Amino acid sequence: MHRHRRAAVWFLAACVCLSTLLHLAPPAVEWWLEHRTPEHEQDDDVIEATTKALKSQTLADHTNTHPDAHDGEFTVTLGVPAPASLPPQPPTHTQAKPHLAKYKALTQALTKATPPTPVAATADTPELAVELPPDVPAATAVAEPPPLPVTQPAEEATPPAFPDQVDIRYVLKGIVDVDHRWRIQGKQYEITTSGGMFGRYYEWKSTGQLSKDGLIPHSFTEWRDHVPSPKYQVDFDWPAQTVKVGEPGSQKDFELIKGAQDMFSAAYQFAIQGESLPTFTMQIVSGRNSYVVPFELKGEVKIWLAGEQVSTLLLSGQWKTIKFSFYLAPAWHNLPVRILREDENGSIDLRARRIDIQGKRVLDPNFASQTTP
């Protein structure tokens, strides 16, 4: 009897396990097919020499004239409005310049003159007696010089406008989905990045202002596991040239260098400013520390993203044992399609597998874009 009961219990347990597997198998297979990387699509990170430059882009009408200005201090004058009615103005007489008046009078005299009558020389005016030959016309019209050719200045190509709305779905180490958003509203920008798995959740938010020099960050905040209070907080104080870094209540002060960025805004600063940056050495601030990183354009690297081989420009820099790498796609506004941070404890590798620009899908694991970069 007991043997039959145990057999029945094992049979029921097997049925439950099988049912569970059948319910979980389709989503698991779908997830595996979406995240797997075929053998022929494995990256070898070959850096090729390139003649491509990291072209700069414009921020349309979002930029400010001064990074420290506030919204209320901006005035744009497109023209001076005319008064409703103007009083009658007396006629003005322009007095010709003396040398121009003489030239005009001489020209009129030459065009209206008649052949002079030969004058016999006298004792009083022998040097003024001039007899014109019969084949010389009495007056010669003054011909105007031909117009000079007009040289049109060479038109400079207008840099493309950087989008104000970008959505990127990254995958972390091939497992964790990370949602990334770039937004512009007025003169402000906002970058949010969030994702989690196995009960852990992370969210980062970067805010700042747009200027002629690109991005001017104001704050960088990190939250964990949906706790409302920040885990780490970065506050940029540009007037005082200091930046506060660390856990709220115990932040450390660092010197703030012009052009400094946080970990995510740095990628967009390179994407937007590109070759117009005076230097690729940049201060990068995380939630825990500040790094001055000399970046270098290493070359062109082709990487596989969502079944497509995408051409990227690799910007890489190192501070002590920490290495930062941004893979920027020129075909997609230099967007950071891969962000890699490496140190002695491991690496954080974010790779794009879905990209929307201005609401248009340009990369997706379910289809190939019409033009592969």
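Here the structure is a predicted model, which is why all the values come from computation and not from measurement. Once a new chain begins, its residue numbering starts again from 1 and follows that chain's sequence as written. Side-chain atom pairs in this predicted model are given and counted only at pLDDT of 80 or more, local residue features only at pLDDT of at least 70, and totals for whole chains, interfaces and linings cover all residues. Only hydrogens and water are removed before side-chain values are computed, so all heavy atoms of the structure are retained for them.

Draft legend 1. Broad picture of the overall build of the protein. In DSSP terms, a helix is any run of H or I states spanning at least four residues, a strand is any run of E spanning at least two, and both are numbered starting from the N terminus. Tallying secondary structure elements over the protein gives three helices and 16 strands in all. Working definition: with a 1.4 Å probe on protein chains only, accessible area under 20% of the residue-type maximum means buried, over 50% means exposed, and in between means partly exposed. Buried residues in the protein amount to 32% of all 373 residues. When the accessible surface of the protein is split by element, carbon and sulfur atoms take 57% of a total near 24500 Å². Here, Shrake-Rupley sampling with a 1.4 Å probe gives the accessible areas, and only protein chains in the shown set may cover a residue.

Draft legend 2. Spotlight on the nonpolar core. Nine residue types can take part in a nonpolar core, namely buried Ala, Val, Leu, Ile, Met, Phe, Trp, Tyr and Cys, and a core is a set of them joined through side-chain atoms within 4.5 Å. Membership of the largest hydrophobic core comes to 61 residues, with the highest contact counts inside it found for Trp182, Tyr268, Phe270, Phe295, Trp332, Val337 and Ile355. Working rule for contacts: check all heavy atoms of both residues, and any pair within 4.5 Å makes them a contact. Excluding residues that lie within four positions of it along the chain, Val337 makes contacts with Tyr170, Ile303, Leu305, Thr312, Tyr327, Ala329, Trp332, Leu350, Arg351, Ala352 and Ile355.

Draft legend 3. Structural view of the environment of Phe324. Position of Phe324 relative to the elements: it lies in strand 13 (residues 322–329). For Phe324, a relative accessible area of 4% corresponds to the buried category. The spatial distance from the C-alpha of Phe324 to the C-alpha of Leu340 is 6.0 Å, given a sequence separation of 16 residues. Other than its neighbours up to four places away in sequence, Phe324 contacts Tyr291, Val293, Phe295, Leu315, Ser316, Gly317, Leu340 and Arg341.

Draft legend 4. Structural detail: the layout of surface pockets. Of the volumes computed, that of the largest pocket is approximately 1100 Å³. Lining the largest pocket are 37 residues, with Tyr202, Trp204, Glu222, Arg224 and Ile348 sitting closest to its centre. Breaking the lining of the largest pocket down by element, the ones donating at least two residues are strand 2 (176–185), strand 3 (188–197), strand 4 (200–211), strand 5 (214–224), strand 13, strand 14 (335–343) and strand 15 (346–357). Residues of the lining of the largest pocket, tallied by class, amount to 20 nonpolar, nine polar and eight charged. A 1.4 Å probe that fits but cannot get out identifies a cavity on a 1 Å grid over protein atoms alone, an open set with protein on both sides within 12 Å along at least five of seven lines counts as a pocket, and a residue lines either if it has an atom within 4 Å of a point. Grid points are joined across faces, edges and corners, and a volume is the space filled by probe spheres set on the points. Empty space within the second largest pocket amounts to approximately 540 Å³. Lining the second largest pocket are 24 residues, with Asp213, Ile257, Lys258, Gly259 and Ala260 positioned closest to its centre. When residues in the lining of the second largest pocket are grouped by element, the largest group, three residues, is from strand 10 (residues 281–285). Broken down by class, the residue content of the lining of the second largest pocket amounts to twelve nonpolar, nine polar and three charged. Charged means Asp, Glu, Lys or Arg here, nonpolar means Ala, Val, Leu, Ile, Met, Phe, Trp, Tyr, Cys or Pro, and polar covers whatever is left, Gly included.

Draft legend 5. Region of interest: the pattern of salt bridges. In the sections that follow, a salt bridge refers to a side-chain nitrogen of Lys or Arg positioned within 4 Å of a carboxyl oxygen of Asp or Glu. Counting across every chain of the model gives 19 salt bridges. With a shortest N-O distance of 3.6 Å, Glu48 and Lys302 are connected by a salt bridge. Taken as a pair, Glu48 in the loop between helix 1 (2–35) and helix 2 (98–112) and Lys302 in strand 11 (residues 290–305) lie far apart in primary sequence, 254 residues in all. Residue classification places Glu48 among the partly exposed residues on the basis of a relative accessible area of 36%.

Draft legend 6. Representation of the side chain of Asp349 in the model. Note that Asp349 resides in strand 15. A polar atom in the side chain of Asp349 sits 2.9 Å from the side chain of Arg338. Other than its neighbours up to four places away in sequence, Asp349 contacts Val171, Leu172, Lys173, Arg338, Ile339 and Leu340. Pairs of N or O atoms within 3.5 Å make up the polar contacts considered here, provided that, within protein, one atom can donate a hydrogen while the other can accept it, and that residues adjacent in sequence are counted only when both atoms are side-chain atoms.

Draft legend 7. Quick peek at helix 3 (residues 265–273). Within helix 3, nine of the nine residues are buried, leaving the element largely enclosed by the surrounding structure. Residues Ser265, Ala266, Ala267, Tyr268, Gln269, Phe270, Ala271, Ile272 and Gln273 constitute the buried set of helix 3. Trailing helix 3 by a residue or two, Gly274 shows a phi angle of about 55°, which is positive.

Draft legend 8. Geometry of the confidence of the model for the protein. Predictor confidence is given residue by residue as pLDDT, running from a minimum of 0 to a maximum of 100. Confidence along the protein averages 78 in pLDDT terms, with 61% of residues attaining 70 or more. Confidence drops under pLDDT 50 across residues 37–41; counting only partners more than four residues distant or on other chains, this segment forms four contacts. For residues 64–86, every residue scores under 50 in pLDDT, and the model assigns this stretch 20 contacts once sequence neighbours within four places are set aside.

Draft legend 9. Representation of the pairing of strand 7 (residues 242–246) within the structure. When DSSP finds two or more bridges between two strands, those strands count as paired. Sheet topology note: the strand 6 (residues 232–237)/strand 7 ladder contains five bridges and is antiparallel. Pairing of Gln233 across the sheet is with Gly246, part of strand 7. The turn linking strand 6 back onto strand 7 is made up of four residues, and Gln241 within it adopts a positive phi angle of 55°. Relative to strand 8 (residues 252–255), strand 7 is paired through four bridges, and the arrangement is antiparallel. Each bridged residue has a counterpart across the sheet, and for Val245 the counterpart in strand 8 is Lys252. From the end of strand 7 to the start of strand 8, which pair antiparallel, there are five residues, and Gly249 there has a positive phi angle of about 95°.

Draft legend 10. How the structure looks around a nonpolar patch on the surface. Any residue with relative accessible area above 30% and no salt bridge may belong to a patch, with like charges joined within 9 Å and the nonpolar Val, Leu, Ile, Met, Phe, Trp and Tyr side chains within 5 Å. Residues Ile175, Met197 and Phe198 make up a contiguous nonpolar surface patch of roughly 330 Å² in combined accessible area. Within the fold, Phe198 resides in the loop between strand 3 and strand 4.

Draft legend 11. Summary view of unusual backbone geometry. Of note, the phi angle at Lys320 is positive, near 55°, even though the residue is not glycine. Considering the arrangement of structural elements, one finds Lys320 in the loop between strand 12 (308–319) and strand 13. On the accessibility criterion, Lys320 (65% relative accessible area) is exposed. If you check the backbone angles, Gln358 has positive phi at about 55° while not being a glycine. Looking at the element boundaries, Gln358 is found in the loop between strand 15 and strand 16 (360–363).

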